[in-house]
Amino acid sequence: MYSKFHKMLLLVGLGSILGVVMLLMAYKFAVGPQGVKASFPTLSQVSLITDSENAACIECHQKDNPGIIDQYYDSKHSQRGVQCLDCHKPLEGQEKMTTVHYDVQMVATPTPNNCAQCHDEAVHEFSISAHAAKSWYPVVGAEDFTQEELEKYHLLDDNGKPLNNGQPNMIRDIIGKDTSAISCEDCHGVGRKNDDGSFGNCMACHQRHDFSMEQARQPETCGACHLGPDHPHIEIFNESPHGTYYQTNKEKFNLGAPSGTLTTEDFPAPTCATCHMSGLGDVKPTHNVSERLKWSLTPDIAKVRENGEENIKTMDAICLNCHTQGTIDKQREQAEKVIDLTNENVREGQAIVTELRSEGLLPGPLLSTPIEYLEFELWHHEGRRARYGAVMMGADYVNWHGIYEQEKALVEMKAEAERMKKE
């Protein structure tokens, strides 16, 4: 009996050791220090689906839409026990959005209000940023806003009237609503108005269902919208020293470093998020992408923001992780000379068109003659490109896509104006 007892005890001990080893191996290969690497349930996910309603979500979508479940299993939400209905359960004020799905009340597309249950500070910062209501206004105008919202999000002019007389950007009317719905509104939808009164779409940057922070930190994500003839930020970044370093040394970047802990070891050169959002050194992270900007470069005449001089001190603190103050000051001084030149060129072009209009030579609606298109693109395309190129170190965009094109347009405008006056 004594011998059999010890043999049994030995077997139990070996079995326990084997079990621990298998759990450690499962952690290493399935979860690991960098998070889930494989698309199958880990221990934390098995515990998730013990709730009947959430288990039903997993079971059904695993069969019909497996991509959703694969993304979810790979997410930090899954690892931390966030269940389907934690995000999709209706909140107060979401009655219009609520549907009954297999006897379960839910919202199909969560809004920032749902995200704020866990990410309240990030949602607040986002709500006052240019990515929220200020992004949505240009493509829909004032019709989507209450008077209180117009005031709250600073969408009134100095006379208390809605910006641009409450009208959308004139391009929306030229291309039509159907085209705008899958072009302008696709990107500006990052700030869309939701039926619960919130503004914004967190999933524009943290795509569902993995909601990856790493993805949001990559320039390619920002470049999905920040590109093209009027705001070629990704193209400028790619040709800049920062972008060149990123593209040739991606393996050195720790895109998954926890928020608020970033150092130059994690990001040896900046991505878009590093400068505009991430915490680095003593600078705290933010979801307000305008918080560190001195200039507003998008209007026809670029201007210093209301808190621009304070904002730039925060940006300097980011830059100082890699550059000296003298280098930073020199770069800014050169960039601001370019910004001033773009403003001078725009004013000259606007004066030409204003004179023609005052003489009755432009009687039609806006953008109905070639010279008006030249004047519009003088700031909306060439002016912006030169400004962005100057502040982001994109030499080609300062010159050939920017100032050179402005000077060429002015020559064409003067010639066209003289022709119109003679006729």
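The following refers to the structure shown. Predicted, not measured: the structure shown is a model, and the values here were computed from it.

Our focus in this paragraph is the environment of Gly93. By the secondary structure assignment, Gly93 is in the loop between helix H6 (84-88) and strand E1 (98-101). Owing to a relative accessible area of 33%, Gly93 belongs among the partly exposed residues under this scheme. Note: C-alpha distance between Gly93 and Asp195 (102 residues apart in sequence) is 8.4 Å. Discounting chain neighbours no more than four positions away, the residues touching Gly93 are Asp195 and Asp196.

Okay, the state of the cysteines next. Evaluation of the coordinates by the stated rule reveals one disulfide. For the unlinked cysteine Cys84, the closest cysteine sulfur is that of Cys57, found at 4.4 Å. For the unlinked cysteine Cys272, the closest cysteine sulfur is that of Cys222, found at 4.0 Å.

Relative to the helices and strands, Gln406 resides in helix H22 (residues 395-422). Beyond its immediate chain neighbours, meaning those up to four positions away, Gln406 contacts Leu341, Thr342, Asn345, Val346, Leu378, Glu382 and Gly383.

Before going further, it helps to spend a moment on the pattern of salt bridges. Evaluated as defined, the whole model comprises 17 salt bridges. Ionic pairing is found between Lys337 and Glu333, a salt bridge with its closest N-O pair at 4.0 Å. With Lys337 and Glu333 both in helix H20 (residues 325-358), this residue pair falls four residues apart, about one helical turn. Assessed through its relative accessible area of 56%, Lys337 is described here as exposed. For Glu372, the salt bridge goes to Arg357, with nearest N and O atoms at 2.7 Å. With Glu372 in helix H21 (residues 370-392) and Arg357 in helix H20, the pair connects residues that are 15 residues apart, well separated along the chain.

Analysis parameters
Residues numbered from 1 in each chain as written. Predicted model: local features only at pLDDT ≥ 70, side-chain atom pairs only at ≥ 80, totals over all residues. Heavy atoms only, no water. Helix = DSSP H or I, 4+ residues; strand = E, 2+ residues; numbered from the N terminus. Buried < 20%, exposed > 50% of the residue type's maximum accessible area, 1.4 Å probe, protein only. Contact = heavy atoms within 4.5 Å. Disulfide = S-S within 2.5 Å. Salt bridge = Lys/Arg side-chain N within 4 Å of Asp/Glu carboxyl O.

Functional significance is not addressed by these values, which are geometric in nature.
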